[in-house]
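Report on the structure
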Amino acid sequence: MPPTALSELTRPVVLRDGAAAVPSSWPACARSRLLAAMAQAAAVNGFLDVTVDDVIVAARASRRTFYEHFANREQCLLATYDAVCDDTMEIVTEAGPAMEPALTALLRYFAAWPAHARVLCIDILAAGPAGLARHEATMGRLAAEVVRYEDPLERPAPGTLRSDDVAHAVLGAVHRIVQRRLIDGRHASLPRLAPAICALLAAERPATPTT
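Residues numbered from 1 in each chain as written. Predicted model: local features only at pLDDT ≥ 70, side-chain atom pairs only at ≥ 80, totals over all residues. Heavy atoms only, no water.

**Some words on helix 5 (residues 73–95)**
Helix length check: helix 5 (23 residues) gives 33 Å between terminal C-alpha atoms against 33 Å at 1.5 Å per residue, within 8%. The residue sitting at the N-terminus of helix 5 and contributing the capping side-chain oxygen is Asn72; that oxygen lies 3.2 Å from the backbone nitrogen of Glu74. Just beyond helix 5, the residue with positive phi is Gly96, at close to 100°. (Helix = DSSP H or I, 4+ residues; strand = E, 2+ residues; numbered from the N terminus. Expected span 1.5 Å × (residues − 1). Polar contact = N/O pair within 3.5 Å; in protein donor to acceptor, adjacent residues only side chain to side chain.)

**As for the side chain of Thr88**
Checked against the element boundaries, Thr88 lands in helix 5. Thr88 gets classed as buried once you look at its relative accessible area, which sits at 5%. Those residues in contact with Thr88 that sit more than four places away from it in its chain are Leu106, Tyr109, Phe110 and Leu120. (Buried < 20%, exposed > 50% of the residue type's maximum accessible area, 1.4 Å probe, protein only. Contact = heavy atoms within 4.5 Å.)

**With respect to the pattern of salt bridges**
Counting across every chain of the model gives 7 salt bridges. Close ionic contact of Arg63 with Asp53 constitutes a salt bridge, the shortest N to O distance being 2.1 Å. On the criterion of sequence distance, the pair formed by Arg63 in helix 4 (residues 63–69) and Asp53 in helix 3 (residues 52–59) is long-range, its members being 10 residues apart. Overall, the relative accessible area of 38% leaves Arg63 in the partly exposed class. (Salt bridge = Lys/Arg side-chain N within 4 Å of Asp/Glu carboxyl O.)

So this is what it looks like as structure tokens:
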């Protein structure tokens, strides 16, 4: 059986002795080690307290190597976020159009890589305007996926929120649930939440009238 995106992205590989592990599908290069090291350092210290030295130690890299790839720690965090975001979108796409399998696969990735999940859900919010812009873009993409499952012929009653507004509200609640599990160290339980989260997503849509 050929490897799946999820199986490759949840299998850790150590590219250099003592360095932070990376997903097996990431390129075997210094940049990958630096990205994984940033995620690891931010998970331990919080991004605001991460230094370039923290990253190069966790990557088993040199200061020169770091600055060959990134101008500063903010750029390194943004690149880490982009890599993790690409991973999550690949997993969701491979899982297919049904919501629950896609969400289950995503939460399995988060459970396997809690530091990467923290970059996506927590640390990016400490990266200033560029980080907030990335976060908003990702939430917009996810909200569009939620709206896509609605009946395009349905029209909200006067005075109700638009579908995309409701989708953002529900995703905000889901985002907070995931944040809490990551902060509390309960990331291993995330995949078990998929059915309940899907029920929450479905609850924002009105029931189709029976005839």
